[in-house]
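# Residue-level structure breakdown
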Amino acid sequence: MKNSIKFIRIAVFSILSLMLMGYVIIECVDDVRIRLIPFIICCFIEVILIVILLKEPKCAVPRIMILDVLNIAIFIVLMVNFGKGMSETIKLQKAFNGNNGYLCAYSSGIGSKGYNDLESILEHEIEFEKKSTNQNELEEIYRIQVGDKFFVYFKRTEGVVEFEFFRQNGLLYSSGNKVLKYDGVGSYEGYTVEETIRKDIANTMWRGVDYDEIGAPAWGVSDDEQIFSMTVNTEKVDEVIQIDEIDGKKYYFWIMTNVEEIESIDDVKAAKIEFL
């Protein structure tokens, strides 16, 4: 029984410490290719410590107590950072009213594979998307490069998925994706088209948990034909594409990249949205 409890404590420590190491390495090491090296070194050191804890009988009780303290400390650090991300997300959602909801999956992973060209990494991401979400077909509707980032948009089953990639050291890596389903488009009463567009801009330009990472294209899906004449701070929407018609209801994909003056949530709130 004692050995089982000891094993559980060590297992918890291993999992929590690996999560913490991953977070610290991603925050401190910018080069994606190098991130795997310190992670492997840390894992090797951790294995040695665990072996010592399991095999060395001397001072076993104090060591396990120290392990418990470390577990609690690491857990608190992880929860604080998780809480920060959740508070920023909640702040973003409460800042705007609208009827579109987005599902996000963003990561700057350790050991991510780099690809030489956009088509190769797209092929990999599309295959993964099909397998993980049971999507039979993905139809490309738009692609754009903004700085060292690439954004490619596909129509999927009743919705749109955005794939984001970034170039580093000559290779392309995946940042993740964002999905908008048709479920919410135009289905909620009480929101104007302007309110929904404003929320779309905030949701799609925002990256990670820091608002200072805003800078991606603003995009969304609307069922209102006014979207063809939309301007944001007097800048006209880049492109509007009809992407689907279901039971007589038409859906339009729209995108804007010329919104550099929008750099914060307050800027989104103050943006002048018109339909000319």
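Keep in mind the model is a prediction, meaning the values are calculated, not measured.

### Topic: the sheet that holds strand β8 (residues 235–236)
One open sheet holds the three strands; their spatial order is β8-β7-β11, and the pairing between them is antiparallel. Both edges of this open sheet fall to β8 and β11 (273–275), since each of them pairs with a single strand only.

### Concerning the environment of Glu-235
Note on placement: Glu-235 falls in strand β8. Residue Glu-235 is classed as partly exposed on the basis of its relative accessible area of 34%. Placed 23 residues apart in sequence, Glu-235 and Asn-258 show a C-alpha to C-alpha distance of 7.1 Å.

### Focus on the sheet that holds strand β2 (residues 139–146)
Read from one edge to the other, the open sheet built from five strands follows the order β1-β5-β4-β3-β2, with strand pairing classed as antiparallel. A strand with exactly one partner marks an edge of an open sheet, and here the two such strands are β1 (102–106) and β2. With strand direction ignored, the average angle separating the axes of adjacent strands in the sheet is 20°. Bridge analysis of β1 against strand β5 (residues 171–181) gives five bridges, and the strand direction is antiparallel. In the strand pairing of β5, Cys-104 is matched with Lys-178.

### Describing the environment of Val-24
Along the chain, Val-24 turns up in helix α1 (residues 2–28). With relative accessibility at 38%, the residue Val-24 sits in the partly exposed group. Considered as a pair, Val-24 and Phe-39 are 15 residues apart in the sequence and their alpha carbons are 9.8 Å apart.

### Quick notes on the packing of aromatic side chains
For any two aromatic rings, the description comes down to two numbers: the centre-to-centre distance and the angle of the planes. Per the counting criterion, the structure on display carries eight aromatic pairs. An angle of 45° between the planes, with centres 6.2 Å apart, marks the rings of Tyr-142 and Phe-253 as tilted. Remark: Phe-253 occurs in strand β10 (residues 249–256) and Tyr-142 occurs in strand β2; sequence separation between them is 111 residues. Classification of Tyr-142 by relative accessible area gives buried; the value is 16%. Between the aromatic rings of Phe-166 and Tyr-173, the centroid separation amounts to 5.6 Å while the plane-to-plane angle is 25°, which identifies the pairing as stacked. Through successive ring pairs, a cluster of aromatic residues spans Tyr-142, Tyr-153, Trp-219 and Phe-253.

### Notes on helix α4 (residues 118–133)
Taking 1.5 Å of rise per residue, 16 residues should cover 22 Å, and α4 covers 22 Å from first to last C-alpha, within 8% of that figure. Along α4, the residues that are buried comprise Leu-118, Ile-121, Leu-122, Glu-125, Ile-126 and Glu-129. For α4, the angular spread of buried residues about the axis comes to 135°, placing them on one side. Away from its buried face by more than 90 degrees, α4 exposes Glu-123, Phe-128 and Lys-131. Those residues of α4 that are buried lie in contact with β2, β3 (149–156), β4 (159–168) and β5. The N-cap of α4, judged by a side-chain oxygen 3.2 Å from the amide nitrogen of Glu-119 a few residues on, is Asp-117.

Calculation rules
Residues numbered from 1 in each chain as written. Predicted model: local features only at pLDDT ≥ 70, side-chain atom pairs only at ≥ 80, totals over all residues. Heavy atoms only, no water. Pairing = 2+ DSSP bridges. Helix = DSSP H or I, 4+ residues; strand = E, 2+ residues; numbered from the N terminus. Buried < 20%, exposed > 50% of the residue type's maximum accessible area, 1.4 Å probe, protein only. Axes fitted to C-alpha atoms, helices over the stretch in contact; angles between N-to-C directions. Phe/Tyr/Trp six-rings, centres within 6.5 Å; stacked < 30°, edge-to-face > 60°. Expected span 1.5 Å × (residues − 1). Arc of directions from axis to C-beta. Contact = heavy atoms within 4.5 Å. Polar contact = N/O pair within 3.5 Å; in protein donor to acceptor, adjacent residues only side chain to side chain.

Everything listed is a geometric property; what it means functionally is a separate question.
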